[in-house]
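Single-letter residue listing:
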Amino acid sequence: MNASTSRVDPKLLELLVCPLTKGRLSYDAETGELISEKAKLAYPIRDGIPIMLISEAREIKD
């Protein structure tokens, strides 16, 4: 993953919420995903665009 696809604008991150729980998201720079702790889902970011579809999210297992 290159630098341009692994960044999220902080202002955008403030506006985005998990489509399932409507809760806050955190950015994981290592995986390049937006994380919903409540839903235990990781939403991918492709070409700098967050993919906010539940069907595209990866389940986070403890």
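Residues numbered from 1 in each chain as written. Predicted model: local features only at pLDDT ≥ 70, side-chain atom pairs only at ≥ 80, totals over all residues. Heavy atoms only, no water.

## Some thoughts on the overall build of the protein
Move 1: Scanning the protein from terminus to terminus reveals 1 helix and 5 strands.
Move 2: The linear arrangement of helices and strands in the protein, starting from the amino end, is α-β-β-β-β-β.
Move 3: Counting only C-alpha atoms, the protein reaches 30 × 25 × 20 Å along its principal axes.
Move 4: Buried positions account for 32% of the 62 residues belonging to the protein.
Move 5: Residue pairs in contact within the protein that sit at least 24 positions apart in sequence constitute 22% of those at least 6 positions apart.
Move 6: Accessible surface, the protein: about 4500 Å² in total, of which carbon and sulfur atoms supply 53%.
Move 7: When the 9 positive and 10 negative side-chain charges of the protein are each reduced to one mean point, those points stand 4 Å apart. (Helix = DSSP H or I, 4+ residues; strand = E, 2+ residues; numbered from the N terminus. Buried < 20%, exposed > 50% of the residue type's maximum accessible area, 1.4 Å probe, protein only. Contact = heavy atoms within 4.5 Å. Areas by Shrake-Rupley, 256 points an atom, 1.4 Å probe, with all protein chains shown as cover. Lys, Arg positive; Asp, Glu negative; His and termini not counted. Charge placed at Lys NZ, Arg CZ, Asp CG, Glu CD.)

## A look at the pairing of strand E2 (residues 33-36)
Move 1: Burial along E2 is two-sided: the face carrying Glu33 and Ile35 and the face carrying Leu34 and Ser36 are both buried.
Move 2: Here strand E1 (residues 26-28) folds back onto E2 in antiparallel fashion, the turn holding 4 residues, of which Gly32 has a positive phi close to 70°.
Move 3: The pairing of E2 with strand E3 (residues 41-46) spans 4 bridges and is antiparallel. Each residue of the ladder has a partner; that of Glu33, found in E3, is Pro44.
Move 4: Linking E2 to E3, which pair antiparallel, is a turn of 4 residues; within it Lys40 sits at a positive phi near 55°. (Pairing = 2+ DSSP bridges.)

## Quick word on the environment of Leu25
Move 1: Within the secondary structure, Leu25 is located in the loop between helix H1 (10-15) and E1.
Move 2: Taking the relative accessible area as the measure of exposure, Leu25 reaches 9% and is therefore buried.
Move 3: Put simply, Leu25 and Ile35 are 10 residues apart on the chain and 5.3 Å apart in space, counted from C-alpha to C-alpha.
Move 4: Among residues more than four places away in sequence, those in contact with Leu25 are Leu13, Leu16, Val17, Cys18, Leu34, Ile35, Ser36, Tyr43 and Met52.

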